[in-house]
Each structure stands twice: as structure tokens, then as C-alpha cells.
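Residues per chain are reported as follows:
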Amino acid sequence: MKLSEGVEAAIHCAAVLASLEEGRTLPASALAELHGLSQSYLLKHLQALAAAKVFESVPGPHGGYRLARAPQKISLLDIVLAVEGQQPAFRCAEIRQRGPGALEPAAYVKPCGIKVAMLKAERAWRAVLAETKLSEIVAGYKAEADPRAIAFNCAFVARHQRPHDESSSEKQT
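Residues numbered from 1 in each chain as written. Predicted model: local features only at pLDDT ≥ 70, side-chain atom pairs only at ≥ 80, totals over all residues. Heavy atoms only, no water.

1. Quick word on the confidence of the model for the protein chain
To be explicit about the condition: Per-residue confidence from the predictor is reported as pLDDT, which spans 0 to 100. Here a residue-residue contact requires only that any non-hydrogen atoms of the pair lie within 4.5 Å.
On average, residues of the protein chain carry a pLDDT of 91, and 94% of them reach 70 or more. Predicted confidence for residues 167-173 stays below pLDDT 50, and this span has 1 contact to residues more than four positions away or in other chains.

This is the structure we're talking about:
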């Protein structure tokens, strides 16, 4: 199975957003810069994550992206499905019922063994992704990454995060 590069970018962006101070956002341009990606490419995935309610898109001069819920409540599966869609990776087209040796549809009572095996594997990898929380990824990074990388990322986020817009929160309350 091959997942798109967008999945990797989305998980990295989620990990960065997990480090934001309460109520702050990070613009798409900063996330793209940090990961060496084109902003237009990344924006497509950020919008998908916002539509799936994994990220929150905040408009305005202090706008940008932030997590829509706590990192311990976001699974890797949430992120993968937001980027890749809900469809299974393997889609059985029942090619055994085509070609010169194909029989009438009634001859294919049992499901194809290939389909059964592939969907079993799909359930297994989805289960692992569902139980793996973003908070675990962030904790692992903090524990194992080179301290220089951690310092750079912290400084980058501190420089680029946008402050909480007090006036908009007052309007909403």
C-alpha cells in the first residue's frame, strides 16, 4: 500500500500545531516553509483536515490553523482518512468474473480469497492507526529527536504563531 506524501505532511503539520500555545494559530505559509512544501500543495491538505474537523481554520489577520481538539483525541487514522478519504486502499473489481474462463455470477457465491485477505490487512493497519494518538507521536519526538531539531522547531513556531485575537473571542461569548 502506498499513501500519498500529503499524509506525511499532514501528520507533521498536526505535530507542529500540537505545540501551539492556547488560542494561537499558525499560517499555512509558515507550515509550508517549515516542511519545504509549496503552499498551494499543502493548503489542499490543510483544508481537507479542517473539513474533517481535525484542524480548525481561523480566518482574519490572526488567522491560520490550529488543532480542532486535543492531541490525545486525534488518531493517526483521523489524519489519514482526512487526506486520503474513507475508501479502503484495496478495491476488489471482481476480475475473476471476467475474461474467457468466467462463469455465470451464481458460480461466485463465496467472496474472493484475495479480497478477504486484503480487507483483513486493511482492518489491521487501520486499527493500529486508530489507536495511535497524535500526542504519542509528539511525545516520542520530544524524547528521541536531536535537541537541535527540537530547538529549531520551537523557535520557528514561536516566531510564526499568531496571537489570539481577543476581540473575536469577546464577540463570540
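2. Looking at helix α1 (residues 5-17)
The condition that has to hold: In this text, helices come from DSSP runs of H or I with a minimum length of four residues, and strands from runs of E with a minimum of two, each type numbered from the N-terminal end. By this rule the span expected of a helix is its residue count minus one, scaled by 1.5 Å. The cut-offs for exposure are 20% and 50% of the maximum accessible area for each residue type, with area from a 1.4 Å probe on protein chains only; residues under the lower value are buried, those over the upper are exposed, and the others partly exposed.
The end-to-end C-alpha distance of α1 is 18 Å, a good match for the 18 Å that 13 residues give at a rise of 1.5 Å each. If you check which residues of α1 are buried, you get G6, V7, A9, A10, I11, C13, A14, V16 and L17.

3. Quick look at the side chain of T25
For clarity, the threshold we go by: Counting of polar contacts relies on pairs of N or O atoms within 3.5 Å, with two restrictions inside protein: one atom must be capable of donating a hydrogen and the other of accepting it, and residues adjacent in sequence are counted only when both atoms are side-chain atoms.
One can find T25 in the loop between α1 and α2 (28-35). At a separation of 2.8 Å, a polar atom in the side chain of T25 contacts the main-chain carbonyl oxygen of H62. Polar side-chain contacts of T25 include one of 3.1 Å to the backbone oxygen of G63. Apart from residues no more than four positions distant in its own chain, T25 is found in contact with L20, V58, H62, G63, G64, Y65, R66, H160, Q161 and R162.

4. Things to note about the packing of α1 against α2
Here is the rule we go by: Helix axes are fitted to C-alpha atoms over the stretch in contact, other axes to C-alpha atoms as well, and angles between N-to-C directions run from 0 to 180 degrees. What makes a crossing left-handed is the near helix being turned counterclockwise from the far one by less than a right angle; a clockwise turn instead makes it right-handed. Under the grouping applied here, Gly and all other residues not named as nonpolar or charged are polar, the nonpolar ones being Ala, Val, Leu, Ile, Met, Phe, Trp, Tyr, Cys and Pro and the charged ones Asp, Glu, Lys and Arg.
As a packed pair, α1 and α2 sit with axes 11 Å apart at the nearest point and diverge in direction by 115°. In this structure, the crossing between α1 and α2 has a hand that is right-handed. Contacts between α1 and α2 involve H12, C13, V16 and L17 from the first element and L31, L34 and H35 from the second. Grouping the constituent residues of the contact of α1 with α2 by class yields 5 nonpolar, 2 polar and no charged.

5. Description of helix α3 (residues 39-51)
Spacing of three or four residues puts side chains on the same side of an α-helix, whose turn is 3.6 residues. Which entries qualify depends on this criterion: The arc refers to the directions leading from the helix axis to the C-beta atoms.
With 13 residues, α3 extends 18 Å between its outermost C-alpha atoms, agreeing within 8% with the 18 Å of an ideal straight helix rising 1.5 Å per residue. Considered for burial, the residues of α3 that qualify are L42, H45, L46 and L49. The buried residues of α3 all sit within an arc of 105° when viewed along its axis, so they share a single face. Facing away from the buried side of α3 by over 90 degrees, the exposed positions are S40, K44 and A51. Contacts made by the buried residues of α3 are with α1, α2, β1 (55-58), β2 (64-67) and α4 (76-84). Where α3 terminates, the next one or two residues include K53, which has phi positive at roughly 65°.

6. Notes on the side chain of S75
In this structure, S75 sits in the loop between β2 and α4. With residues up to four places along the chain from it excluded, the contact list for S75 reads L129, A130, T132 and K133.

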